[in-house]
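Take a look at the letters that make up each chain.
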Amino acid sequence: MASFAVSGARLGVVRPGGGGAARSGAERRSGVDLPSVLFRRKDSFSRTVLNCAGAPGKVLVPGGGSDDLLSSTEPAVDTPVESEELQAPDEADLVVEETTSSSAAKASSTVEVEEKPEPSAAIEGTGETVTDGVAVKAKAPLVEEKPRVVPPPGDGQRIYQIDPMLEGFRNHLDYRYSEYKRMRAAIDQHEGGLDAFSRGYEKLGFTRTAEGITYREWAPGAHSAALVGDFNNWNPNADAMTRNEYGVWEIFLPNNADGSPAIPHGSRVKIRMDTPSGVKDSIPAWIKFAVQAPGEIPYNGIYYDPPEEEKYVFKHPQPKRPKSLRIYESHVGMSSPEPKINTYANFRDEVLPRIKRLGYNAVQIMAIQEHSYYASFGYHVTNFFAPSSRFGTPEDLKSLIDKAHELGLLVLMDIVHSHSSNNTLDGLNGFDGTDTHYFHGGPRGHHWMWDSRLFNYGSWEVLRYLLSNARWWLEEYKFDGFRFDGVTSMMYTHHGLQVAFTGNYGEYFGFATDVDAVVYLMLVNDLIHGLYPEAVSIGEDVSGMPTFCIPIQDGGVGFDYRLHMAVPDKWIELLKQSDEYWKMGDIVHTLTNRRWLEKCVTYAESHDQALVGDKTIAFWLMDKDMYDFMALDRPSTPRIDRGIALHKMIRLVTMGLGGEGYLNFMGNEFGHPEWIDFPRGPQSLPNGSVIPGNNYSFDKCRRRFDLGDADYLRYRGMQEFDQAMQHLEEKYEFMTAEHSYVSRKHEEDKMIIFERGDLVFVFNFHWSNSYFDYRVGCFKPGKYKIVLDSDDGLFGGFNRLDHDAEYFTADWPHDNRPCSFSVYAPSRTAVVYALAEDG
């Protein structure tokens, strides 16, 4: 989700450290905001243990629902009242949550801290181990696993060697790194390290042992709390919760007399709280599944703990990270040719084999985290730990990921930690009746353009929540990494709105930078790369912040890749004018303008360009002619011929020059003729005007893969070219080749020629001129042959080149290259030449 706007932004200023009110002395000493969820020793817990009646057996999961489910009262939340600031506990009271990661914790920081507190007696000596949030009796391990360790911080100084221009901003950057090291030290001291800290789901939310179920929730603003649900007939007096001094509410539900759990799998649960804003029912913040009941608008939290025989068991190892990423961006719900919401199972069986066949090596899946509003494209998350129930069950998602691994595909999750849904009934907003629970209070906590809430990354418990969330998806579901959405919005208090980033370093390292958010990004990348070395992290940053993809120990933010967002914007700019006016140097500059040693994922278009109100590249090029002239049994038009030719050239030059990874949104590979329009009704605006809906139609919320597969349509040729392009990269790995040189960008001839690895790319963007005996400079001498030709008839071209021809170099320097060869360069054609293996 890009961070752009047209009106109304107000620049904010953050004091060093990114704070709100001044911290207390105890908070300064510990170096964090509100380290509040700290579990006490067993003898200090005040537990309420009640005999709970069994549930009525109602199950609310896809395919197992009931139309007569009991409903709960959901009163509206009144004007929020800010919660009273909690005092940081005395260090004598601090208790480490886990003991299993002590070896990792010892290695996780070189910063001097005070002596760590003793491990919690509530964890020691139980004879149990926690796995996937459920504690079971420990068994002797069959294979001793090597402990995973988050490396200690480095000195953060190498960034100045990589980019000497950063010296002028050393004060900011050194301060940023000191804040990161301070937070690492505090986590080591108070939590036993990032490993333990990121296992919040093993303590908060629902956890089960052999004796029963424990439910804990951090809600410091609530006056009272009770667990309600189908299991106790929604009786708020049946299962009251107790609160510790840090705002953590807790209840233990022992097993029923027959040994069954007090809360049956699949039944609905909520926490009922008396809050400063009134009595409200909320879905637990750490819920693992949420479902919308028939006839209801708000979602219901589901206690999800299937019996062992129903749990999906992963069968295939996760693939190793490929040298270059070729990403197929996908949305499960709209991945069917039929106008409906598709399922994880169908995506697994129908779409994954297609992705593999096309030659991509990674699938990026959008809209995984549960979101109550389908048309948000998954970006208004309501339940961060729950996979969307629209598409199936958590077990179905695990099966999908396992199948992708069997095919050798990485599975990347489009994760949203930049903001949260505004919903108060089924989201985090106003969870405990206050405005400042998980989010900043006041205007700073509201994204005026996205109509969503903004996390307070300086809060200890927000850090626990988000870091644990990232780990949950890697650990429980075996995702292979993330594409972090909206990172620009996180890193600046102006969120990138109405700001034209010019490349001036003062735009990146000043008072508009949210240091707390940048430190969170450093911590989450620490976690990902330390505990999951093969995992991939990609950041959606439109600002171009320097150091974004530099390792953390060197002083960077730690992402593996940034999305090269300037590229699709450039193509839209060019497509608004005739290609006669395109500047070859402008195209080359945009594609190659990226920071040294910072890798990019490039793309010509993503889901953003496919949404209603925008246009895909294919539609910019061919417009309404796509509806009438794409059948091979009828004559083409000049607009169709131009569109198909340029569609292929745009994609190949983007992949060839634009970065070390490539992304395509599903369907765009064959020039999908329809935009994306989610089912929606009319929307009333504050000014009284009404935006008409589409009568809740799914017609434009699908992907017509049948068009790309049809051998009687011209879409097939564009799809075949995209497939050939992906397989060419797989064979030659040109995106990550060390050798890269642009030898020609000729404005009059409209020619672009460059080398990438051992390949020579020749692009003739001229609309009418074809060139005979066109001299092409190259670095390596020998015999060259055509390995990809956009004019091939298979790709909808005109077959103007002889693929059996051989091109021998001569010792004739050309375009600053030591040798050269001559080619025929047809108009609007891209051709790739490779040294012949027998040359």
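Residues numbered from 1 in each chain as written. Predicted model: local features only at pLDDT ≥ 70, side-chain atom pairs only at ≥ 80, totals over all residues. Heavy atoms only, no water.

Peer 1: Can you tell me about the overall build of the protein chain, naming the residues and giving the values?
Peer 2: The helix and strand tally for the protein chain stands at 18 helices and 34 strands. Counting only contacts in the protein chain whose residues sit at least 6 apart along the sequence, the fraction spanning at least 24 positions is 75%. Surface accessibility of the protein chain: about 31,700 Å² in total, with carbon and sulfur atoms responsible for 51%. (Helix = DSSP H or I, 4+ residues; strand = E, 2+ residues; numbered from the N terminus. Contact = heavy atoms within 4.5 Å. Areas by Shrake-Rupley, 256 points an atom, 1.4 Å probe, with all protein chains shown as cover.)

Peer 1: I'd like a description of the UniProt feature "active site" (unreviewed entry) in the protein chain, backed by residues and values.
Peer 2: Those places that UniProt annotates as "active site" (unreviewed entry) correspond, in this numbering, to Asp485 and Glu540. In summary, the annotated positions, though distributed over 56 residues, converge in three dimensions, the widest C-alpha pair being only 5.5 Å. Structurally, the position occupied by Asp485 is in the loop between strand 20 (481–484) and helix 9 (487–491). On the basis of relative accessible area, Asp485 is assigned to the buried category, the value being 0%. One can find Glu540 in the loop between strand 21 (536–539) and strand 22 (561–563). Residue class for Glu540 comes out buried when judged on its relative accessible area of 2%. Only 3.1 Å separates the side chain of Glu540 from the side chain of Arg483, close enough to count as a polar contact. (UniProt positions renumbered as here; feature names shortened; annotations may be inferred. Buried < 20%, exposed > 50% of the residue type's maximum accessible area, 1.4 Å probe, protein only. Polar contact = N/O pair within 3.5 Å; in protein donor to acceptor, adjacent residues only side chain to side chain.)

Peer 1: Go over the pattern of salt bridges with me, naming the residues and quoting the values.
Peer 2: Applying the stated rule across the entire model yields 56 salt bridges. Glu720 is the salt-bridge partner of Arg716, the closest N and O atoms lying 2.9 Å from each other. Taken together, the residues Arg716 and Glu720, both in helix 18 (residues 715–732) and 4 residues apart, mark about one turn of the helix. Under the relative-accessibility criterion, Arg716 is labelled partly exposed at 27%. (Salt bridge = Lys/Arg side-chain N within 4 Å of Asp/Glu carboxyl O.)

Peer 1: Please provide a residue-by-residue account of the packing of helix 4 (residues 170–191) against helix 8 (residues 460–476), values included.
Peer 2: Running from N to C, helix 4 and helix 8 point in directions that differ by 85°, and their axes come no closer than 13 Å. The angle between helix 4 and helix 8 places the two elements in the roughly perpendicular class. Side by side, helix 4 and helix 8 meet where Met183, Ala186, Ile187, His190 and Glu191 of the first sit next to Trp460, Leu463 and Arg464 of the second. For the contact of helix 4 with helix 8, the residue count by class is 5 nonpolar, 1 polar and 2 charged. (Axes fitted to C-alpha atoms, helices over the stretch in contact; angles between N-to-C directions. Parallel < 35°, antiparallel > 145°, perpendicular 65-115°, else oblique. Nonpolar A, V, L, I, M, F, W, Y, C, P; charged D, E, K, R; others polar.)

Peer 1: So what's going on with the pairing of strand 15 (residues 383–387)? Which residues, and what values?
Peer 2: With 5 of its 5 residues buried, strand 15 lies for the most part within the structure. As defined by bridge partners, strand 14 (residues 369–370) adjoins strand 15 across 2 bridges and the pair is classed as antiparallel. Of the residues in strand 15, the one forming a bridge with Glu370 is Asn383. (Pairing = 2+ DSSP bridges.)

Peer 1: Could you give an account of the sheet that holds strand 32 (residues 807–808), with specific residues and numbers?
Peer 2: In spatial order, the strands read 27-28-29-34-31-32; together these 6 strands make up an open sheet with antiparallel pairing. In this open sheet, the two strands that pair with only one neighbour each are strand 27 (740–746) and strand 32. Note that strand 31 (residues 783–789) and strand 32 share 2 bridges and pair antiparallel. Opposite Lys783, over in strand 32, you have Phe808 as the bridge partner. Set on the sheet, helix 16 (residues 638–657) makes contact with strand 27, strand 28 (751–756), strand 29 (759–764), strand 31 and strand 34 (829–835); between it and strand 28 the angle comes to about 40°. Running over the sheet, helix 18 touches strand 29, strand 31 and strand 34 and is turned about 140° from strand 31.

Peer 1: Please give an account of the sheet that holds strand 17 (residues 420–421) that cites residues and values.
Peer 2: Taken in spatial order, the 3 strands of this open sheet run 17-19-18, and their pairing is antiparallel. Bordering the open sheet on either side are strand 17 and strand 18 (446–447), each of which pairs with just one other strand. Bridge count between strand 17 and strand 19 (residues 452–453): 2 bridges; the pairing is antiparallel. The partner of Ser421 across the bridge, within strand 19, is Ser452.

Peer 1: Describe the packing of aromatic side chains, with residues and values.
Peer 2: Counted under the stated rule, the structure contains 54 aromatic pairs. Both rings, one in Phe482 and one in Phe484, keep their centres 5.6 Å apart while their planes meet at 65°; by these two values the pair is edge-to-face. The two residues Phe482 and Phe484 agree in class, both being buried. Between the NZ or CZ atom of Lys288 and the centre of the ring of Phe385, over which it lies, the distance is 5.9 Å. (Phe/Tyr/Trp six-rings, centres within 6.5 Å; stacked < 30°, edge-to-face > 60°. Lys NZ or Arg CZ within 6 Å of the ring centre and 35° of its normal.)

Peer 1: For the pairing of strand 12 (residues 325–331), give the residues involved together with the corresponding values.
Peer 2: Where burial is concerned, most of strand 12 is hidden: 7 out of the 7 residues are buried. Alternating residues of strand 12 divide into Leu325, Ile327, Glu329 and His331 and Arg326, Tyr328 and Ser330, and every residue in both groups is buried. The sheet contact formed by strand 12 and strand 24 (residues 661–665) spans 5 bridges and is parallel. By the bridge assignment for strand 24, Glu329 is matched with Phe665. Alignment of strand 12 against strand 13 (residues 362–366), held across 5 bridges, turns out to be parallel. Within strand 13, the position partnered with Glu329 by the bridge is Gln364. Chirality of the crossover, the property in question, places the unit of strand 12, helix 6 (residues 344–358) and strand 13 among those that are right-handed. (Right-handed = clockwise from strand over helix to strand, strands pointing away.)

Peer 1: I'd like a rundown of the nonpolar core, residues and numbers included.
Peer 2: If you look at the biggest cluster of nonpolar residues, it comprises 179 residues, and the most contacted ones within it are Tyr438, Trp473, Phe479, Trp582 and Phe763. By residue number, the principal contributor to this core is helix 10 (residues 515–531), which donates 12 residues. Look past the residues within four positions of Trp582 in its chain and what remains in contact with it is Trp571, Leu574, Leu575, Gln577, Ile587, Leu646, Ile650, Glu747, Lys750 and Phe765. (Core = buried A, V, L, I, M, F, W, Y, C linked by side-chain atoms within 4.5 Å.)

Peer 1: How would you sum up the environment of Ala535? Please name residues and give values.
Peer 2: Along the chain, Ala535 falls in the loop between helix 10 and strand 21. Assessed through its relative accessible area of 5%, Ala535 is described here as buried. Along the chain, Ala535 and Val411 lie 124 residues apart, while their C-alpha atoms are 9.8 Å from each other. Ignoring sequence-local partners within four residues, the contact set of Ala535 consists of Arg321, Asp480, Gly481, Ile528, His529 and Asp560.

Peer 1: Give me the lowdown on the environment of Lys615, citing residues and values where you can.
Peer 2: Among the structural elements, Lys615 can be located in the loop between helix 13 (607–610) and helix 14 (617–622). Setting aside chain neighbours within four positions, we find Lys615 in contact with Ile572, Gln609, Trp620 and Asp623.

Peer 1: Talk me through unusual backbone geometry; I want residue IDs and the actual numbers.
Peer 2: In this structure, Asp623 takes a positive phi of about 50° despite not being glycine. Phi at Tyr696 takes a positive value of approximately 55°, unusual for a residue other than glycine. On the basis of relative accessible area, Tyr696 is assigned to the exposed category, the value being 56%.

Peer 1: Which residues make up the packing of helix 11 (residues 566–575) against helix 12 (residues 584–592), and what values go with them?
Peer 2: Between helix 11 and helix 12, the least distance of the axes is 9 Å, while the angle of their chain directions is 160°. For the element pair helix 11 / helix 12, the angle class is roughly antiparallel. Considering only the axes of helix 11 and helix 12, their crossing is right-handed. Of the residues in helix 12, those in contact with Ala566, Val567, Lys570, Trp571, Glu573 and Leu574 of helix 11 are Asp586, Ile587, Thr590 and Leu591. (Left-handed = near helix turned anticlockwise from the far one by under 90°.)

Peer 1: Can you tell me about the confidence of the model for the protein chain, naming the residues and giving the values?
Peer 2: For the protein chain, the average pLDDT comes to 85, and 82% of its residues sit at 70 or higher. Contacts from residues 2–144, a stretch scored under 50 in pLDDT, to residues over four places away or in other chains number 338 contacts. (pLDDT = per-residue confidence, 0-100.)

Peer 1: Lay out helix 16 in plain terms, naming residues and giving numbers.
Peer 2: Owing to its 3.6 residues per turn, the α-helix brings residues three or four apart onto one side. Between the first and last C-alpha of helix 16 there are 28 Å, a value that for 20 residues agrees with the 28 Å anticipated at 1.5 Å per step. Burial of helix 16 is extensive: 17 of the 20 residues sit out of reach of the surface. (Expected span 1.5 Å × (residues − 1).)

Peer 1: Describe in detail helix 6, supporting the description with residues and values.
Peer 2: Compared with the 21 Å implied by 1.5 Å per residue over 15 residues, the 20 Å span of helix 6 between its first and last C-alpha is a close match. Of all the bends in helix 6, the largest measures some 35° and sits at Val351, one to four residues before the proline Pro353. Among the residues of helix 6, those classed as buried are Tyr344, Phe347, Arg348, Val351, Leu352, Arg354, Ile355 and Leu358. Buried-residue contacts for helix 6 involve strand 12, strand 13, strand 15, helix 7 (394–406), helix 17 (705–709) and helix 18. Just past helix 6, the residue Gly359 takes up positive phi, approximately 100°. (Bend = angle between axes of the 7 residues up to and from the residue.)

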